[in-house]
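An overview of the molecular structure
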Amino acid sequence: MLEGQIPIEDYESGNTKNKWNLNKIKLEHKTISEYNYIKKDIQKGYANRTLYINLNEGIIKEKKVTEDMKKLFTGGRGFGLKLLWDSIKSNTRWNSNENELIITTGPLCGTTQYPGSGKSLCLTISPSTDIICDSNVGGFFGPYLKFAGFDAVEIQGKAKEDVIIIIDGEKGKISIETAPLEETNSHMISQQLTQMYSSEDDDKSRQKISIVSAGMGAENSYWGCLNFSFYDIRRKIPRLKQAGRGGLGTVLRDKKIKAILTKVEKFDGVSNNPADSVTLAKVGTKLHREIRDLDRYQCNMRAVGTVHLVEIMDEYDLLPTENYRFGSFPKASKLYSQNFYKLFTKIIPDGCWHGCTMACAKTVDHFTVMTGPYKGEKVTVDGPEYETVGCGSNMSIWDPLWVLEFNFYCDTYGLDTISTGTSIAFYMEMYEYGILNKKRCDGIELCFGNAEAVLEVIHRIASGDKGEFISIASKGIRRVKDWLIKNNWGDIGIIEDCGMESKGLEYSEYVTKESLAMQGGYGLTLKGPQHDEAWLIFMDMVNNSIPTFKDKAEALHYFPMWRTWFGLNGLCKLPWNDVEPSNNPKTDDPSKVPEHVQNYVDYQNAVTGWNVDKEELILQSERCYNWQRAMNVWLGRGSRKDDWIPYRSMGPVTVMEYISRRERYDKYLNEKIGISEGKIEKMKIEEKIKIIYDYRQDQYQKLSDAVYYRRGWTPNGVPTPNKMKKLGFTDPKMLKILKDKIITDEKAGLNIWGGKYNNKEKNPNDGIKYW
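The shown structure was predicted, so the numbers you read here are calculated from the model rather than taken from an experiment.

Counting secondary structure elements, the protein contains 31 helices and 17 strands. Its C-alpha radius of gyration of 25 Å places the protein within 12% of the 28 Å reference for a compact globule of 771 residues. Projecting the C-alpha coordinates of the protein onto the three principal axes gives extents of approximately 80 × 60 × 50 Å. Taking contacts inside the protein between residues at least 6 apart in sequence as the whole, the part at least 24 apart equals 71%. Of the side-chain charges in the protein, 105 are positive and 103 negative, and the distance between the mean point of each set is 3 Å.

Below you can see the structure in the form of structure tokens.
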């Protein structure tokens, strides 16, 4: 038995610091609403119904999944978009009563024969961006939701008091219950509810339960994440995976939901009732063998998970340090993967869904908490992932144990580590420049490297601190920028250029200054700068395999569409390209891993009984990707101005940055811009910065032209009605919204291509057929 958290056997004993009387807690529950349903078998990957819950009215009902819905939206994120479209308004915001929190699965979700098949997709209107955010997450909830009988759960309205929602697949019963005494923080409530609702007092029963929760940090910030539990039989505790981006946990707590629980009666390798179980087993076995034989020589995910990226990013000057000012640092080796490997508990397999031999869900057990309300307790820390380690480097904190402390508290408080870390790194830089100071930071010395100050910030956020700085800082970079500018604190250009957000969402942890394609991969996205749409740095910067605007535009079409496909089906993307067949370098297009693409064609056909090819997979994604962009237009945020990115992601903002890479930038001025070496030597650094600034801003606009053109959008980044019709959409409301927007843009002079496609090719014209 591990000491991590509170062992199940000690819940009601006097052997722990935290003594819970679970019987007393449950007796305080009051049932608000109940609904009984008929349990049915899954058919070729689909439950063929979704679950709708309205907390205001106590309504619980089923919605049918039609064949047309499958054809146009496939599943997963696509189903979530369809459900949102049918339920919200163009002026719906994150805390509007009609906003929904949706958790979906996908036709391949819950498969145990193929690695990475346990993902849930979560959608809502984001508090950070005011548009749709989507986030994928591991854990058992998505598969269990489907096996309990539903392809999605759709929650609208707000409860009057804290509640839990129980989806009981054993009894065929949905209930909403008040939950006044349960803990809110996720590592606690997930344990309480796992024990409380387990049918029997044993591990087998506990493993059939999964819980979604968000802690006190989510309640008091815009950074709220959702924690999805999966019961670990070896550790005898529920562990957590996160749907991190966009404030999903903030919406959960705004609805006064403490947790959503699902439980299943049983499941196995054929619970999805695949059309062709033989082919499914064959294609899955092939990948299992590849992972077993090749992973240790490639990414080593089974040993260290995603933290293997730290040393790679540092080597290529891509590891964010001091708010992305630099891409490497002398102390970076302290955060290399071998230092975390020493701390990880070596238990294999270690996946977050059954049958995933990638097994990248690493943990540190027996970690002694150093600060805050759980100081001195021993816990299990899930992770860290690369992004969380990158938050440490970005704040110039180089202690692996501190990273684990930050990881643990962000998780249990329900705070997205990326938004939290990236935001605080920006605040630290503003502190260094005197734009922020101790007084303006509510008494916190928020300078780079001050680990205690970072933890004080997140503890004060979780406690509901009402100080002016904490209240605004917890809402993210965009709101802090506006606050600083409103108070005339600091140069507006420095504030805007250094704050790493776009659309209101904070950047994830990669330095993109020398990769125009990756700048587009962050800016020309649907929800904001998150690397799950396109990760093109190596193709662009290292391998130089996409040199022209046309090449970059093609990559920024294909890879976002391909990665979107995983979210339509309930899959993790890591088994696609974090292990590759040994002959992949010899294929026509190694970046696409063509053998694995064919695996997914065979996989989807085997489960659903369809007869699709690799082109149809891209079309499935293109439908949903364009639909989401069109919904963003409807919500008022889907055009070129919204694809703005801060200059820090394009090039050097400060003299310090330029000096640190002087040779690189001087060479760039000479070779790319055509300034002679003699002239460069005589120029002031500020003048060099301005020239590069203007040039790279222009390059980004030209890239935007090329990408919009490739995607079949207008010069202002709006999907055309004609494009939507070609994808199979006939919804008259959506087509009219897009037509009206394009007409408005034309009157404003916004439908003109801004720059050359590239320096050698003819400018694209505006002769696209819009209607």
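Moving on from the coordinates now.
This part takes up the environment of Trp-627. Among the secondary structure elements, Trp-627 is positioned in helix α25 (residues 614–634). The buried category is assigned to Trp-627, whose relative accessible area is 2%. Taking the C-alpha atoms as reference points, Trp-627 and Trp-85, 542 residues apart in sequence, are found 9.6 Å from one another. When neighbours within four sequence positions are excluded, Trp-627 is seen to be in contact with Phe-73, Leu-81, Trp-85, Met-724, Phe-729, Asp-731 and Met-734.

Next up on the list: the nonpolar core. Membership of the largest hydrophobic core comes to 156 residues, with the highest contact counts inside it found for Met-395, Tyr-427, Leu-446, Leu-484, Trp-562 and Tyr-600. In terms of residues, this core owes the most to one element, helix α22 (residues 549–569), which gives ten residues. Excluding anything up to four places from it in sequence, Trp-562 contacts Trp-576, Val-597, Tyr-600, Leu-617 and Ile-618. Leu-51, Ile-53, Ile-165 and Val-251 belong to the second-largest nonpolar core, a separate cluster that totals 35 residues.

Attention now moves to the environment of Leu-27. As for its position among the elements, Leu-27 is in helix α1 (residues 22–27). By relative accessible area, Leu-27 is classed as exposed at 71%.

Per the domain assignment, the segments making up the protein are domain 1 (8–263), domain 2 (299–506) and domain 3 (516–579 + 612–747). The C-alpha-based centres of domain 1 and domain 2 are spaced at 26 Å. Of the residues lining the interface, 48 residues belong to domain 1; the matching set on domain 2 comes to 45 residues. Regarding the contact of domain 1 and domain 2, the summed buried area is about 3,700 Å², with carbon and sulfur atoms giving 53% of it. Interface area lost by domain 1 to domain 2 is led by Trp-223, Arg-235 and Arg-245, which between them contribute 23%. Linking Asp-350 and Arg-235 is a salt bridge whose minimum nitrogen-to-oxygen distance equals 3.6 Å. Of all the secondary structure elements, the ones that give two or more residues to the side of domain 1 that touches domain 2 are α4 (141–148), α5 (186–196), α7 (216–219), β11 (226–232) and β12 (237–243). Taken together, the residues that form the side of domain 1 that touches domain 2 break down as 17 nonpolar, 24 polar and seven charged.

Time to look at the packing of aromatic side chains. Applying the stated rule across the entire model yields 50 aromatic pairs. Consider the rings of Trp-627 and Phe-729, whose centres lie 4.8 Å apart with planes at 40°: the pair is tilted. Taken together, the residues span a long stretch of sequence, with Trp-627 in helix α25 and Phe-729 in the loop between α30 (721–726) and α31 (732–747) at a distance of 102 residues. On the accessibility criterion, Phe-729 (3% relative accessible area) is buried. Looking at Lys-61, its charged tip hangs above the ring of Tyr-52, at a distance of 5.4 Å from the centre. The ring of Tyr-222 carries the charged tip of Lys-475 above its face, separated from the ring centre by 5.5 Å.

A few words now on α31. Compared with the 22 Å implied by 1.5 Å per residue over 16 residues, the 23 Å span of α31 between its first and last C-alpha is a close match. Three or more residues of α31 are buried, namely Met-734, Leu-735, Ile-737, Leu-738, Ile-742 and Asp-745. Buried residues of α31 fall within an arc of 160° about the axis and therefore sit on the same side. Those residues of α31 that are exposed and angled more than 90 degrees off the buried face are Pro-732, Lys-736 and Lys-747.

Let us look at the packing of helix α13 (residues 386–394) against helix α14 (residues 400–413). It is at 10 Å that the axes of α13 and α14 come closest, and there the two elements cross at 115°. The handedness of the crossing between α13 and α14 comes out as right-handed. Taken together, the residues of α14 that come into contact with α13 (itself represented by Thr-388, Val-389, Cys-391 and Gly-392) are Trp-402, Val-403, Phe-406 and Asn-407. Classifying every residue of the contact of α13 with α14 gives five nonpolar, three polar and no charged.

Here the focus is the sheet that holds strand β8 (residues 163–168). On the basis of which strands lie adjacent, the open sheet formed by seven strands has the order β1-β9-β8-β13-β10-β11-β12 and mixed pairing. Since the sheet does not close on itself, it has two edges, and those belong to β1 (31–36) and β12, each with one partner. Here the strands of the sheet are splayed against their neighbours by 15° on average, with no regard to which way each runs. Taken together, the seven bridges between β11 and β12 define a ladder with antiparallel strand orientation. The residue bridging Asn-227 from the neighbouring strand is Gln-242, located in β12.

Once that is clear, we can look at the environment of Asp-497. Residue position: Asp-497 is located in helix α19 (residues 492–498). Owing to a relative accessible area of 14%, Asp-497 belongs among the buried residues under this scheme. With 298 residues separating them along the chain, Asp-497 and Ser-199 place their C-alpha atoms 55 Å apart.

Inspection of the secondary structure puts Gln-699 in helix α29 (residues 685–711). In this structure Gln-699 touches Leu-516 and Phe-549, once residues within four positions along its chain are discounted.

Once that is clear, we can look at the confidence of the model for the protein. Averaged over all residues, the pLDDT of the protein equals 94, while 95% of them reach at least 70. Within the model, pLDDT remains below 50 along residues 1–17, and this stretch shows 45 contacts once partners closer than five positions in the same chain are excluded. Confidence drops under pLDDT 50 across residues 755–767; counting only partners more than four residues distant or on other chains, this segment forms 23 contacts.

Another aspect to go through is the sheet that holds strand β4 (residues 100–104). The six strands lie next to each other as β3-β2-β7-β4-β5-β6, forming an open sheet whose pairing is mixed. With partners counted over all chains shown, the strands left at the sheet margins are β3 (59–64) and β6 (132–137), one partner each. With direction set aside, neighbouring strand axes in the sheet form an average angle of 15°. One ladder, built from five bridges, connects β4 with strand β7 (residues 152–156); its direction is antiparallel. When the bridges of β7 are listed, Thr-104 appears paired with Ala-152. The strands touched by helix α3 (residues 77–85) are β2 (49–54), β3, β4, β5 (120–125), β6 and β7; relative to β4, the strand with the most contacts, the crossing angle is about 155°.

Conventions and cut-offs
Residues numbered from 1 in each chain as written. Predicted model: local features only at pLDDT ≥ 70, side-chain atom pairs only at ≥ 80, totals over all residues. Heavy atoms only, no water. Helix = DSSP H or I, 4+ residues; strand = E, 2+ residues; numbered from the N terminus. Rg over C-alpha atoms; globule rule 2.2 N^0.38 Å. Contact = heavy atoms within 4.5 Å. Lys, Arg positive; Asp, Glu negative; His and termini not counted. Charge placed at Lys NZ, Arg CZ, Asp CG, Glu CD. Buried < 20%, exposed > 50% of the residue type's maximum accessible area, 1.4 Å probe, protein only. Core = buried A, V, L, I, M, F, W, Y, C linked by side-chain atoms within 4.5 Å. Domains from an automatic or database assignment. Buried area = accessible area lost by both parts, 1.4 Å probe. Salt bridge = Lys/Arg side-chain N within 4 Å of Asp/Glu carboxyl O. Nonpolar A, V, L, I, M, F, W, Y, C, P; charged D, E, K, R; others polar. Phe/Tyr/Trp six-rings, centres within 6.5 Å; stacked < 30°, edge-to-face > 60°. Lys NZ or Arg CZ within 6 Å of the ring centre and 35° of its normal. Expected span 1.5 Å × (residues − 1). Arc of directions from axis to C-beta. Axes fitted to C-alpha atoms, helices over the stretch in contact; angles between N-to-C directions. Left-handed = near helix turned anticlockwise from the far one by under 90°. Pairing = 2+ DSSP bridges. pLDDT = per-residue confidence, 0-100.

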